[in-house]
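Residue-level listing of the chains:
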Amino acid sequence: IGVVWAFIHSIREGIKCSLRNDILDIYDRCKDKQEITHYQLQSIKYSYAIYKKLGGNSFVDEIVRKVDKFKLID
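Computed from a predicted structure; not experimentally measured.

1. Structural notes on the packing of helix α1 (residues 2–30) against helix α2 (residues 38–53)
Thought 1: Taken N-terminus to C-terminus, the directions of α1 and α2 make an angle of 150 degrees; their axes are 9 Å apart at the nearest point. The orientation of α1 relative to α2 falls into the category roughly antiparallel. Where α1 crosses over α2, the handedness of that crossing is left-handed. Counting all contacts with α1, which are made through R12, K16, L19, R20, I23, I26, Y27, R29 and C30, the residues of α2 involved are Q40, S43, I44, S47, Y48, I50, Y51 and K53.
Thought 2: Looking at the contact of α1 with α2 residue by residue, the class counts come to 9 nonpolar, 3 polar and 5 charged.

See the structure below:
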């Protein structure tokens with residue numbers, strides 16, 4: 001059982017890392033102009049929701065708050 005738990009924990013941490021990386025990648029591309037497309041924002045929101053369900057930390061909360069203030073463009 002310990003091996004299974006360790007494997008599940010590793011998978012969970014890997015998924016959180018990937019989601020956090022996706023959020024940061026979009027943020028980094030948009031932060032200079034402070035503009036974001038609908039699809040980028042939707043992607044961040046979806047990734048963020050899953051990240052939080054997996055127990056993600058508050059580091060990404062701050063990024064999402066900043067993105068929410070960006071101008072939405074087409």
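Anyway, onward from the coordinates.
2. Thoughts on the packing of aromatic side chains
What characterises a pair of aromatic rings is the spacing of the ring centres plus the angle enclosed by the ring planes.
Thought 1: Inspection of the entire model under this criterion finds 1 aromatic pair.
Thought 2: Each ring, one from Y27 and one from F70, has its centre 6.1 Å from the other, and the planes form 15 degrees; the classification is stacked. With a gap of 43 residues between them, Y27 in helix α1 and F70 in the loop between α3 (59–68) and β2 (71–73) connect regions that are remote in the sequence.
Thought 3: Among the residues examined, Y27 registers a relative accessible area of 12% and is labelled buried.
Thought 4: According to the relative accessible area criterion, F70 is buried, its value standing at 9%.

3. Focus on the nonpolar core
Thought 1: If you look at the biggest cluster of nonpolar residues, it comprises 14 residues, and the most contacted ones within it are I36, I44, V67 and F70.
Thought 2: Looking at this core, the elements that each hand over two or more residues are α1, α2 and α3.
Thought 3: Every residue in contact with F70, bar those within four places of it in the chain, is listed here: Y27, C30, K31, Q34, E35 and I36.

4. Details of the pattern of salt bridges
Should their charged atoms come close, side chains of opposite charge can pair.
Thought 1: If you walk through the whole model with that rule in mind, you get 6 salt bridges.
Thought 2: One salt bridge connects E13 with K16, and the closest N-O pair in it is separated by 3.0 Å. One end of the pair, E13, and the other, K16, are both in helix α1, 3 residues apart, so they sit about a helical turn from each other.
Thought 3: The class of K16 is buried, set by a relative accessible area of 11%.
Thought 4: D68 is the partner of K45 in a salt bridge, and the nearest nitrogen-oxygen pair spans 2.6 Å. Pair noted here: K45 is in helix α2 and D68 is in helix α3, with a separation of 23 residues, a long-range link.

5. Observations concerning a nonpolar patch on the surface
Thought 1: On the surface, a cluster of nonpolar side chains totalling about 620 Å² of accessible area is made up of V4, W5, F7, I8, I11 and I15.
Thought 2: Summarising the element assignment, V4 is placed in helix α1.

Basis of the calculations
Residues numbered from 1 in each chain as written. Predicted model: local features only at pLDDT ≥ 70, side-chain atom pairs only at ≥ 80, totals over all residues. Heavy atoms only, no water. Axes fitted to C-alpha atoms, helices over the stretch in contact; angles between N-to-C directions. Helix = DSSP H or I, 4+ residues; strand = E, 2+ residues; numbered from the N terminus. Parallel < 35°, antiparallel > 145°, perpendicular 65-115°, else oblique. Left-handed = near helix turned anticlockwise from the far one by under 90°. Contact = heavy atoms within 4.5 Å. Nonpolar A, V, L, I, M, F, W, Y, C, P; charged D, E, K, R; others polar. Phe/Tyr/Trp six-rings, centres within 6.5 Å; stacked < 30°, edge-to-face > 60°. Buried < 20%, exposed > 50% of the residue type's maximum accessible area, 1.4 Å probe, protein only. Core = buried A, V, L, I, M, F, W, Y, C linked by side-chain atoms within 4.5 Å. Salt bridge = Lys/Arg side-chain N within 4 Å of Asp/Glu carboxyl O. Patch = residues over 30% accessible without salt bridge, like charges linked within 9 Å, V, L, I, M, F, W, Y side chains within 5 Å. Areas by Shrake-Rupley, 256 points an atom, 1.4 Å probe, with all protein chains shown as cover.

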